[in-house]
Amino acid sequence: GAGVSQSPSNKVTEKGKDVELRCDPISGHTALYWYRQSLGQGLEFLIYFQGNSAPDKSGLPSDRFSAERTGGSVSTLTIQRTQQEDSAVYLCASSLGGTGSYNEQFFGPGTRLTVL
Amino acid sequence: GNSVTQMEGPVTLSEEAFLTINCTYTATGYPSLFWYVQYPGEGLQLLLKATKADDKGSNKGFEATYRKETTSFHLEKGSVQVSDSAVYFCALIPTGFQKLVFGTGTRLLVSP
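Computed from a prediction, not measured in an experiment: that's the story for all the values here.

Q: Help me understand the nonpolar core in this model?
A: Soluble globular proteins: nonpolar side chains tend toward being buried together. Counting residues in each nonpolar core, the largest one holds 27 residues, and the members touching the most others are L19, W35, L47, L48, F73, L75 and Y88 of chain B. When contributions to this core are tallied by element, the ones reaching two or more residues are β2 (11-14), β3 (19-21), β4 (23-26), β5 (32-38), β6 (44-50), β8 (62-65), β10 (86-93) and β12 (106-111) of chain B. Top contributing element to this core by residue count: β10 of chain B, with four residues. Dropping the residues within four chain positions of it, L19 of chain B is found in contact with V11, L13, F62, L75, E76, K77, V80 and L108 of chain B. Ranked by size, the runner-up nonpolar core spans 20 residues in total, among them Y48 and V89 of chain A together with I93 and F102 of chain B.

Q: Where do I start with the packing of aromatic side chains in this structure?
A: The description of an aromatic ring pair rests on the distance of the ring centres and on the angle between the ring planes. Counted under the stated rule, the structure contains twelve aromatic pairs over all chains. Seen in terms of ring centroids, Y35 of chain A and F107 of chain A are 5.5 Å apart; in terms of plane orientation they differ by 45°. Their pairing is tilted. On the criterion of sequence distance, the pair formed by Y35 of chain A in strand β4 (residues 31-38) and F107 of chain A in strand β10 (residues 106-107) is long-range, its members being 72 residues apart. F107 of chain A matches Y35 of chain A in its accessibility class, with the two residues each being buried. Arranged with centres 5.6 Å apart and planes meeting at 40°, the rings of F62 of chain B and Y88 of chain B form a pair that is tilted. Placement of the pair is F62 of chain B in strand β8 and Y88 of chain B in strand β10, with a sequence separation of 26 residues. Judged by relative accessible area, which is 1%, F62 of chain B ranks as buried.

Q: Can you help me understand the interface of chain B and chain A in this one?
A: By a widespread convention, an interface's size corresponds to the accessible area lost as its parts come together. Taken together, the contact pairs 14 residues of chain B with 18 residues of chain A. The largest contributions to the chain B side of the interface with chain A come from L44, Q98 and K99 of chain B, which together make up 41% of the buried area. Where chain B meets chain A, there are zero salt bridges. Taken together, the links from chain B to chain A amount to four residue pairs in polar contact (both at pLDDT 80 or more). Those elements giving two or more residues to the side of chain B that touches chain A turn out to be β5, β6 and β10 of chain B. A class-by-class count of the residues in the side of chain B that touches chain A yields nine nonpolar, three polar and two charged.

Q: Which parts of the structure should I look at to understand the sheet that holds strand β9 (residues 75-77) of chain B?
A: The strands that make up a sheet are held in pairs by hydrogen bonds between backbone atoms, and each pair lies either parallel or antiparallel. Residue and element names in this part refer to chain B. Judged by pairing direction, the sheet is antiparallel, and its four strands sit side by side in the order β3-β9-β8-β7 without closing on themselves. Of all strands in the sheet, those with a lone pairing partner are β3 and β7 (56-59), marking the two edges. Geometrically, the sheet is characterised by an average inter-axis angle of 15° between neighbouring strands, direction not taken into account. Sheet topology places β8 next to β9; three bridges connect them, and they run antiparallel. Counted as the bridge partner of F62 is K77 from β9.

Q: Hey, could you run me through the sheet that holds strand β7 (residues 65-69) of chain A in this one?
A: Residue and element names in this part refer to chain A. The four strands are arranged β1-β3-β8-β7 in an open sheet whose pairing can be described as antiparallel. The sheet terminates laterally at β1 (5-7) and β7, the two strands that pair on one side only. When strand polarity is set aside, the average angle formed by the axes of neighbouring strands in this sheet is 15°. Bridge analysis of β1 against strand β3 (residues 19-24) gives three bridges, and the strand direction is antiparallel. Across the sheet, S5 pairs through a bridge with D24, a residue of β3.

Conventions and cut-offs
Residues numbered from 1 in each chain as written. Chains lettered and ligands numbered in written order. Predicted model: local features only at pLDDT ≥ 70, side-chain atom pairs only at ≥ 80, totals over all residues. Heavy atoms only, no water. Core = buried A, V, L, I, M, F, W, Y, C linked by side-chain atoms within 4.5 Å. Buried < 20%, exposed > 50% of the residue type's maximum accessible area, 1.4 Å probe, protein only. Helix = DSSP H or I, 4+ residues; strand = E, 2+ residues; numbered from the N terminus. Contact = heavy atoms within 4.5 Å. Phe/Tyr/Trp six-rings, centres within 6.5 Å; stacked < 30°, edge-to-face > 60°. Buried area = accessible area lost by both parts, 1.4 Å probe. Salt bridge = Lys/Arg side-chain N within 4 Å of Asp/Glu carboxyl O. Polar contact = N/O pair within 3.5 Å; in protein donor to acceptor, adjacent residues only side chain to side chain. Nonpolar A, V, L, I, M, F, W, Y, C, P; charged D, E, K, R; others polar. Pairing = 2+ DSSP bridges. Axes fitted to C-alpha atoms, helices over the stretch in contact; angles between N-to-C directions.

By themselves, these figures tell us nothing about what the structure is for.
Right, here's the structure in full:
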């Protein structure tokens, strides 16, 4: 079956512009996660969705970052007024979800964002 | 806070050598522990996991044992192959949370 997909695979933008990154989770996975991977900070958690709600958004680095999930499926991560330090690979993962036990997180290929 | 410390790389080995990548963690309670692998040009994949003390995770010849007394989860393989060349990430999920907390990654290079 299909894995987690992300689009675009690469995005180059100018400083100050807004960008939207999309994640399509594995069908039937109720939990969805956003992480980012950068040279300076390594792999960092951004936000976790269970269904359409986000019980943990503790990793969002500033109010320029927001995310939503609709229909318990697709999620969009939006970065407003991009800065050069936002340059990173943004990874999405999904899992079967539920609390109280661990469900394997399956990762997508990532979106490489470059802010000029 | 919750954190993971793993040895810096790159680790360079010849084929069939023994591999150890050290990982220690700081966390309250009883976190679940993981090793993820990122092969060149591919996405992150779960390699193995352990969810309680003294559990041993194993997969593809790799092993790691959850040692609570030393807060460690070292990755080992008896005989590495060129195809094992990748970046390996140690990670934990803190008790009561769903997010992964990653170490900085260790690049392994295996030569024939």
